[in-house]
Amino acid sequence: MTDVVQPSPPILDELQSALGSVSLFQEQTLDEIPTAWVSAEDLPVVADALRFTLSEPFDFLFDLTAIDETTRQHVTVPQRQDFTLVYLLRSYSRDQDLRIKIALAKDAKTVPSISDIWPNANWYEREVWDLFGIKFAGHPCLRRIMMPTTWKGHPLCKTHPARATEMGEYSLPDDIRDLEQEALKFNPAEWGLAPKGRPDEFMWLNLGPNHPSVHGVFRIMLQLDGEEIVEAVPDIGYHHRGAEKMAERQSWHSYIPYTDRIDYLGGVMNNLPYVMAIEKMAGIEVSDRVKVIRVMMSEVFRILSHLLFYGTFAQDIGALSPIFYMFVDREKLFGIVEAITGARMHPSWFRIGGLASDLPKGWDKMFLDWLDEMPARMLDYDKMVMQNSILKKRTIGVGAYDTKTAIEWGVTGPGLRATGFDWDLRKKRPYSGYENFEFEVPLGTNGDCYDRCAVRVEEIRQSMRIIRQCVENMPEGPYKADHVLTTPPVKDQTMQDIDTLIPHFLGVSWGPVIPAGEMMMEVEATKGSNAYYLISDASTMSYRTRIRTPSFPHLQMIPVMARGQMIADLIATIGSIDFVMADVDR
Amino acid sequence: MPELQLILLIIAMVLILLPTAAMLVWFERRLLGFWQERYGPNRVGPFGILQSLADLIKILFKHDWIPPFADKPVFVLAPMIGALAVLMSFTVVPMSPGIVISDSNIGLLFFLAMTSMAVYSVILAGWSSNNKYAALGGMRAAAQTISYEVYMGVSLLGVVMLSGSFRLSDIVLAQQDMWFVIPQFIGFVIFIIAGIAESHRLPFDLPEAETELTAGFHTEYSGIKFALFFLGEYLGVMLISMMVTTLFLGGWLGPWLPPIVWFLLKTFLLICFFVLLRAALPRPRFDQLLEFGWKWLLPIALLNLIATAAIKLWGGA
């Protein structure tokens, strides 16, 4: 990150000419995403131009987050103040990303809300308010989203303690307990709602946080007219563990196990964007063997996650058996995962610059056996689930949305492809060597529950195709890169060579020091786009780790689908989204 | 003394029926496990056969809790109504010649009346719990029963026409030449569907629909009161299976084996069929279920009735 003047990206020139007098300051970032700083007052104009004026507009707000800059050392951008707001936008038609940054001083943490321009900004702005204390003027309901409403302080500020031991002893006397319980009561007015109709004409039903079909601790308040849903208000945050805050206390290496638990069904696929981002910052090149193994294991976890989705989706519709058959398949696959990585659901097996270990003897036979028996079982599931007439009646045309709505609300992954929109990161921006594999991107047509399931079922088949290609074409090579920042380092030379011994010692005792810079890496995860936005301050720990997860915007969209549905439809719709709360709340 | 005999028979029936219903819980879980590539309960006793006993002991020692916001008398009464109504229905089922508590000449009507009574249990439980999920479950039960009662009755009228009696033993004896499942196949299918709906089993378990209403009408129930609902459900499965056997499958009739064995064998196979349905089918939506009942089953049942009457008129001259 230097001030070397580079030719400015064409998109910023185009934006500048559309804006006229508004000043844009360009920043060169390590991840080469065109980045422009604007002032807080100019934000509405810039946002409006990006969304509506440009010929191929930026219709998708990919992420919105903030950085507390107060203790950062290595930054040379003059615009920087105490806080930085980061908007990451995407134009699907241009296949182009754009980052907008806004600098804020400690005592003036207010910016105009853009939730009227990109509807999915609503929750992101609430999250930034909750975790950083930045206010969004004009936001319809700026209330805490991750933390309890009774929480004091804004956790992702550098001044907020990161450990419980720094916070004093915790106690819960009766009066405080009563207050906490009172705070959980639902009052529509506090959510910016003015319910239609007389109070005795409808009923508020509290679905969750402990309900069999909300897949974790997730709460939806439903305004019901009989069994018909008038309004739905999702409430998240019950599963918030402060994963982003923890990243600021862990070494680059020791944070890898935390990533496994973000989308806890995604296993090593969660490691991938994280280690790839660090590798790119550190300039580590991994071998083809590492790339192929990473692809293979990621696809294994895609199948594992999709199979669980498939079974629970059927179960939500009331079919009891499929989940058990699919657990048998998953069990066999977990056996292979365990043989290769030593663990089952959360192997934390990818490393900065490679993998924890090489493939064991006989790994290919295990895969081939599994791949041979699976297609027949998939056909059985087709008959049992996808072709079942009751299931079809329950899901076709239920919870449908079109491509435009999906993009507006930030839907990615199978939920977006079910609307017929052909966007798969593995095809559009191949990473880790996906360009070398033959596979198709399954698409739906109606964007309803049935299509969302059908897309995933087909993705299982495509993933099996990819795994077979991996098994049949596994390249030879090292499983770790020969680079000083590879963690844990390659040990072969340590006893002979002082230049290897010293970095080895430092890498193991402190952890690697990753060069300063910022980097966003995205993967096509099981549930949609999962991205890690890492900021290194040339230290052994990350300065800021932003985890953009697919499930977060997906849940925000529930009210759009739920209005007018029956309760049973809502259950099918929730089931078809495929989320895990750890992925939402982090 | 016939009175003493009758009392002994009643006691014997209760002593056999209740443990059998409990065993059925274990049997269903094992059978489901078998069909779902898993074991099911196999730890307590040989093959896990004492699982229900262990469950019963546990449930007896549970705190018998009544929610403070519930309507207490109704809340306590509801589960009893359910179990009692189903138990009462067994009095008219002829298991073999002579083994029947009351071979009443309105046996079939009594059975229909008792199944209708059982619905009060669900509705009252839903209402008295003062819980929104329970209320929704009770509401669903009311709507579902009103629709399914109607054609359950209509589907049986064909059988009554052919046998010319409401007495269940007469109906069995009328099947000596041919089981009613053949001339009354439509009635048979509709009665089975209505029977599943009556006993609130998947795919017609909407009043409790776990994935939607957590536990529906019995959300607030625990301990022995919950056990009564549970018992009622399994007694209901047995009852419907016995009724199908009696009405359509020739009851105790069959060659070589003693009548009671035939009766139990047919009932057992039907129970397995009920379990299979639960393993195989998803749950329709509430309005789809009602639509299916009113728009399809009721007209078909009526047509079946008219056709039976016509054939009876021409053929039975």
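This structure is a prediction, so every number in the text was calculated from the model and none was measured. (Residues numbered from 1 in each chain as written. Chains lettered and ligands numbered in written order. Predicted model: local features only at pLDDT ≥ 70, side-chain atom pairs only at ≥ 80, totals over all residues.)

Asker: Sorry, what's going on with the overall build of chain B here?
Answerer: In terms of regular secondary structure, chain B is built from 11 helices and zero strands. Traced from its N-terminal end to its C-terminal end, chain B shows the element sequence α-α-α-α-α-α-α-α-α-α-α. Its C-alpha atoms give chain B a radius of gyration of 20 Å, within 12% of the compact-globule value 20 Å for 317 residues. With the principal axes as the frame, chain B shows a C-alpha extent of 65 × 45 × 45 Å. (Helix = DSSP H or I, 4+ residues; strand = E, 2+ residues; numbered from the N terminus. Rg over C-alpha atoms; globule rule 2.2 N^0.38 Å.)

Asker: How do you make sense of the interface of chain B and chain A when you look at a structure like this?
Answerer: Accessible area lost during the coming together of the parts is what is often quoted as the interface size. Contacts between the two partners involve 23 residues from chain B and, on the opposite side, 27 residues from chain A. Listed by contribution, the elements that provide at least two residues to the side of chain B that touches chain A are helix 5 (132–163), helix 8 (210–213), helix 10 (259–280) and helix 11 (286–315) of chain B. Grouping the amino acids of the side of chain B that touches chain A by side-chain chemistry returns 10 nonpolar, four polar and nine charged. (Contact = placed C-beta atoms within 7 Å. Nonpolar A, V, L, I, M, F, W, Y, C, P; charged D, E, K, R; others polar.)

Asker: What should I look at first to understand the pairing of strand 13 (residues 517–524) of chain A in this one?
Answerer: Regular strands place their side chains on alternate faces of the sheet. All names here are of chain A. Here strand 13 lies mainly inside the structure; seven of its eight residues are buried. As paired elements, strand 13 and strand 14 (residues 529–536) share eight bridges and run antiparallel to each other. Counterpart to Gly517 in the pairing with strand 14 is Ser536. In this structure, the hairpin formed by strand 13 and strand 14 is closed by a connection of four residues, where Gly528 is found at a positive phi of approximately 145 degrees. (Buried ≥ 20, exposed ≤ 12 C-beta atoms within 10 Å, placed from the backbone. Pairing = 2+ DSSP bridges.)

Asker: Which parts of the structure should I look at to understand the sheet that holds strand 8 (residues 203–207) of chain A?
Answerer: Whether parallel or antiparallel, the strands of a sheet pair through hydrogen bonds between backbone atoms. Residues and elements named next belong to chain A. Spatially, three strands are ordered 8-9-10 in an open sheet, and the strand pairing comes out antiparallel. At either margin of the open sheet sits one strand with a lone partner, and together these are strand 8 and strand 10 (228–235). Taking each pair of neighbouring strands and ignoring which way they run, the sheet shows an average axis angle of 20 degrees. Bridge count between strand 9 (residues 219–225) and strand 10: seven bridges; the pairing is antiparallel. Across the sheet, the residue bridging to Leu224 is Ile229, located in strand 10. (Axes fitted to C-alpha atoms, helices over the stretch in contact; angles between N-to-C directions.)

Asker: Please clarify how the pairing of strand 9 of chain A should be interpreted in this entry.
Answerer: All names here are of chain A. The pairing of strand 8 with strand 9 spans five bridges and is classified as antiparallel. Note on strand 9: the bridge partner recorded for Asn206 is Met221. Hairpin connection, strand 9 to strand 10: the antiparallel pair is bridged by two residues, and Gly226 has positive phi, about 70 degrees.

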